[in-house]
Amino acid sequence: MSATVSNDIAHRAAVLREKLDEASHRYHVLDAPTIPDAEYDALMRELEALEAAHPELVTSDSPTQRVGAAPSSEFAEVRHDIPMLSLANAFNDEEIAEFVRRIRTRLGGDDGRPLTFSVEPKFDGLAISLRYEKGRFVRGATRGDGESGEDVTANLRTIKQIPLKLHGKDWPAVLEVRGEVYMPRAGFEKYNELARNSGGKIKLLINPRNAAAGSLRQLDPRITAKRPLAFYAYAVGVVEGGTLPPTHAQTLHRLRDWGFPLSKLVSTAEGESGCLAYYRRIGAQRDALPFDIDGVVYKLDDLALQRELGFVGRTPRWAIAHKFPAQEQTTTVEAIDINIGRTGAATPTARLKPVFVGGVTVTNATLHNADQVARLDVRIGDTVIVRRAGDVIPEVVSVVADAQHAARPPWAMPATCPVCGSEIVREEGEAVARCTGGLSCAAQVQQAIFHFASRRAIDIDGLGERYIEDLTELGYVQSVADLYKLTLDDLLEMKRRADERDGTTPETVKSGKVATKWAENVIAAIDRSRGTTLERFLYALGISDVGETTAKALARWFGSLDSLMAADVDALQTVPDVGPIVAAHVARFFAQPHNRDVIAELRARGVAWTEHEPQRTIDGPLAGKTAVLTGALGALTREEARARLEALGAKVAGSVSKKTSFVVAGAEAGSKLDKANELGVEVWDEARLLEFLKIHEV
Ligand code: IVH
């Protein structure tokens, strides 16, 4: 290879690094993305390929090297040249007044000019130190005991908001930046949602603060890289070979210019009153913030004055944390109730001895699902830690061990719905248990009626959400079948009562006429909806996972409601588009006496459709074939591949058996491919699939 070629390559790698760095900074730090994700990914792949071909081009600050290091067995100790101290806490206004008075006295009394403070959120994560030498990130450490912490450089490198290389210019030769690593609420909630549905494989994170600390203490940086961590800078430590501005606020802005995230909530305030106003302003926003904060911090802004004041013990005299009410408290569980959601999801809920947490009195906290109760092992009578952060529903975080816990009976999901008495079931592979009452369960009925009446279902024009609420709340309708009992007088009376209840102006003659017209229209629409089709009717029933396409497939396949209702899970699974989960939902739905009653009543009240012979032939070149998809396809998503195979008549199944006609195996196909080989099932690669689609699709 000639020198010019390799120079070109080196140049290209440098350009790519620059572009990726800039894009990442704009996305993660400035919150103002400039290039689409796909373009970023493409550039990253190009750089990875270049570096793979020319390992000598790899630099430690290359964006490809964020998750570089191999797992280690322990963290090295790092001594902090300047100790990482902590802040004194204040819990009320008087303590803040005292703090400001003390500063004034020490600085030689009141000169009439207000003191300026840098005012900042107190981020609820963990403090870390980042060392940059000649602009490059060389070492990151936890605070530890303040004198020495742990070297977590490899983990910190995975946090995209931490620059591997300083931006701009004029940075000191050695710069230590301090700040907080935290986990944003959305990332925390998303991660735990995943954990709750993982059947115990992924461990739940207790709260964002523990999550951040735990994530940084992983020995394998690949694990840290998967955790949604973020960073805010709030101070500097060691500075050599350069100077910084004379105030703290200016210093923070300088850090921002060098590529560090600075919270938009950081500001300055004058005197005690300015600080307190800031406290109230941030307090009012606290619930809506994307991350947890446990207070605000006031720092005397003038660095020369800071030096003059110095420290007392391990805390600075020039700064203080003004705390908000705690977001976690302990209390006792008085009962565990079951809440039935609009879709039948049965959620265990802890009834608590009232406790003041996160600024409100909490009497209930969600336990999410039966797995979660089992994992936490919450029992009635236990003392628990309750957390209420942001506008997130209060939840039980953990049980506080006590001597009586073992003697209390473990909790189990009840077998029947507390609202309607129907069976509660949990399908295999699902985290959520559901009430099977469907159409007849009062907890689900509003949603069920709303869906039933919607345009693509039974289609009752003029019966909007508001009226459905009124009809159910005022007791006119308890199930979808009751809609067909409604009279004109019922509707008019309902409307009158709803108006009275809402304090709406009593009806004038004119609006009375309007009401009559509305009621007549609704009655006519209900009447019209009696003549429907089997597929609309099935869709209208609102069976879990039965959308329009599935409803249509079921209607075609069975032809009549009675033969569908008689079908067992195996028979249901022969229908194209119906897998084991949907089949189980359908069978379960029709097995419930309540649902059968409502259906019988609907039919008795005139809801009808034309039935036909079963239509079990599927057209297309793959009719009668069963395909299984496995591995990653490059050109198509799984869903696209499935839809296109189905459009050609194939049934796409989830697992390989002797009945499988062929398996489409993408990259990194695993056990399904093994199974296919074992059973001698035909295997297609992606190219063959694409070729087949090309030839047969119209
Ligand atoms: S300044 C010498 N500013 O609070 C004071 N700390 O108890 C150095 N913290 O360990 C800290 N937000 O983890 C400072 N805006 C902020 C902060 C903050 C959160 C944490 C930090 C520190 C603890 C102090």
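The preceding data block contains the structure.
In this text, all values refer to a predicted model and were calculated from it rather than measured experimentally. (Residues numbered from 1 in each chain as written. Predicted model: local features only at pLDDT ≥ 70, side-chain atom pairs only at ≥ 80, totals over all residues. Heavy atoms only, no water.)

Participant: Could you clarify how one ought to interpret the overall build of the chain in this entry?
Facilitator: For the chain, the count of helices and strands is 24 helices and 24 strands. Each principal axis of the C-alpha distribution contributes one length, and for the chain these read about 90 × 80 × 60 Å. Counting contacts in the chain only where the partners sit at least 6 residues apart, residues at least 24 apart contribute 68% of the total. Total accessible area on the chain stands at roughly 33,900 Å², and carbon and sulfur atoms take up 52% of it. With 86 positive and 97 negative side-chain charges, the chain shows a spacing of 1 Å between the two charge centroids. (Helix = DSSP H or I, 4+ residues; strand = E, 2+ residues; numbered from the N terminus. Contact = heavy atoms within 4.5 Å. Areas by Shrake-Rupley, 256 points an atom, 1.4 Å probe, with all protein chains shown as cover. Lys, Arg positive; Asp, Glu negative; His and termini not counted. Charge placed at Lys NZ, Arg CZ, Asp CG, Glu CD.)

Participant: So what exactly am I meant to see when it comes to the site of the ligand here?
Facilitator: As a matter of local geometry, the ligand sits amid 14 residues, with Leu87, Glu120, Glu180, Tyr234 and Lys299 nearest to it. Between an oxygen atom of the ligand and a side-chain N or O atom of Lys122, the distance comes to 3.3 Å. Between the ligand and Glu180, the relevant distance is 2.6 Å, taken from an oxygen atom to a side-chain nitrogen or oxygen of the residue. If the ligand stood free it would expose 520 Å²; the protein chains cover 88% of that surface. Of all the secondary-structure elements, those providing two or more residues to the shell around the ligand are strand E3 (116-123) and strand E10 (293-300). Here the shell around the ligand gets four residues from one element, more than from any other, and that element is E3. (Near = heavy atom within 4 Å. Polar contact = N/O pair within 3.5 Å; in protein donor to acceptor, adjacent residues only side chain to side chain.)

Participant: For this particular structure, what's the right way to read the environment of Gln444?
Facilitator: Structurally, Gln444 can be placed in helix H12 (residues 442-453). Classification of Gln444 as buried rests on a relative accessible area of 6%. Once the C-alpha coordinates of Gln444 and Val419 are considered, the two residues, 25 residues apart in sequence, prove to be 9.6 Å apart. Not counting chain neighbours up to four residues away, the residues in contact with Gln444 comprise Ile340, Gly341, Arg342, Thr343, Gly344, Cys435, Gly437 and Gly438. (Buried < 20%, exposed > 50% of the residue type's maximum accessible area, 1.4 Å probe, protein only.)

Participant: Explain the sheet that holds strand E21 (residues 626-630) to me, please; I cannot follow it from the model alone.
Facilitator: Across a sheet, paired strands are connected by hydrogen bonds in the backbone, their directions being either parallel or antiparallel. Read from one edge to the other, the open sheet built from four strands follows the order E22-E21-E23-E24, with strand pairing classed as parallel. Of all the strands in the sheet, just strand E22 (651-653) and strand E24 (682-684) have a single pairing partner and so form its edges. Pairwise comparison of adjacent strand axes, ignoring direction, gives a mean angle of 30° for this sheet. By the bridge criterion, three bridges tie strand E23 (residues 662-665) to E24 in an arrangement that is parallel. (Pairing = 2+ DSSP bridges. Axes fitted to C-alpha atoms, helices over the stretch in contact; angles between N-to-C directions.)

Participant: For this particular structure, what's the right way to read the pattern of salt bridges?
Facilitator: Pairs can form between side chains of opposite charge once their charged atoms are near each other. Going through the model one piece at a time under the given rule, you end up with 41 salt bridges. For Asp482, the salt bridge goes to Lys485, with nearest N and O atoms at 3.2 Å. The class of Lys485 is partly exposed, set by a relative accessible area of 41%. Taken together, the shared-partner salt bridges connect Glu94, Glu98, Arg101 and Arg102 into one network. (Salt bridge = Lys/Arg side-chain N within 4 Å of Asp/Glu carboxyl O.)

Participant: Explain unusual backbone geometry to me, please; I cannot follow it from the model alone.
Facilitator: For residues that are not glycine, phi is negative in most cases, and the peptide bond is trans in most cases. Positive phi, normally seen in glycine, also occurs at Asp170, with a value near 65°. Among the structural elements, Asp170 can be located in the loop between helix H4 (153-156) and strand E7 (174-182). Under the relative-accessibility criterion, Asp170 is labelled exposed at 61%. For Glu668, which is not glycine, the phi torsion reads 55° and is therefore positive. For Glu668, the position within the fold is in the loop between E23 and helix H23 (671-679).

Participant: I'm lost on the environment of Leu85 in this one. Help?
Facilitator: Here Leu85 is to be found in the loop between strand E1 (77-79) and strand E2 (89-90). Placed 230 residues apart in sequence, Leu85 and Thr315 show a C-alpha to C-alpha distance of 6.0 Å. Setting aside chain neighbours within four positions, we find Leu85 in contact with Arg143, Phe311 and Arg314.

Participant: How should I be thinking about the sheet that holds strand E8 (residues 230-240) in this particular structure?
Facilitator: As summarised here, the arrangement of the four strands in space is E5-E4-E7-E8, forming an open sheet in which the pairing is antiparallel. This sheet does not close on itself; its edge strands, each paired only once, are strand E5 (136-142) and E8. Geometrically, the sheet is characterised by an average inter-axis angle of 25° between neighbouring strands, direction not taken into account. Bridge count between E7 and E8: eight bridges; the pairing is antiparallel.

Participant: Whenever I open this one, the packing of aromatic side chains confuses me. Can you help?
Facilitator: Describing an aromatic ring pair means giving the distance of the ring centres and the angle of the ring planes. Taken as a whole and assessed by the stated rule, the structure comprises 17 aromatic pairs. A connected cluster of aromatic rings, assembled from ring pairs, spans Phe123, Tyr182, Tyr232 and Phe291. The ring of Trp518 has Lys495 lying over it, and the distance from NZ or CZ to the ring centre is 6.0 Å. (Phe/Tyr/Trp six-rings, centres within 6.5 Å; stacked < 30°, edge-to-face > 60°. Lys NZ or Arg CZ within 6 Å of the ring centre and 35° of its normal.)

Participant: Which parts of the structure should I look at to understand helix H17 (residues 548-558)?
Facilitator: Listing the buried residues of H17 in full gives Thr550, Ala551, Ala553, Leu554, Ala555, Trp557 and Phe558. Close packing links the buried residues of H17 with helix H16 (534-540), helix H18 (561-566), helix H19 (569-573) and helix H20 (580-591). The positive-phi residue at the C-terminal boundary of H17 is Gly559, with phi of around 80°.

Participant: Looking at this model, I keep getting lost on the nonpolar core. Mind explaining?
Facilitator: In summary, soluble globular proteins display a tendency toward joint burial of nonpolar side chains. By size, the foremost hydrophobic cluster in this structure holds 61 residues, and its most contacted members are Leu538, Leu554, Leu561 and Phe590. Beyond its immediate stretch of four places on either side in the chain, Leu561 contacts Leu534, Phe537, Leu538, Phe590, Ile599, Arg603, Trp609 and Glu611. Core analysis: the second largest hydrophobic core is formed by 31 residues, Val177, Leu205, Leu255 and Phe260 among them. (Core = buried A, V, L, I, M, F, W, Y, C linked by side-chain atoms within 4.5 Å.)

Participant: I tried to follow the packing of helix H3 (residues 93-106) against helix H9 (residues 271-285) on my own but got confused; where do I start?
Facilitator: When two helices pack together, their arrangement is given by the angle between the helix axes and the distance between those axes. Interaxial distance between H3 and H9 falls to 10 Å at its minimum, and their mutual angle equals 145°. Of the two possible hands of crossing, H3 and H9 adopt the one that is right-handed. From H3, Asp93, Ile96, Ala97 and Val100 reach across to H9, where they touch Glu272, Leu276 and Arg280. (Left-handed = near helix turned anticlockwise from the far one by under 90°.)

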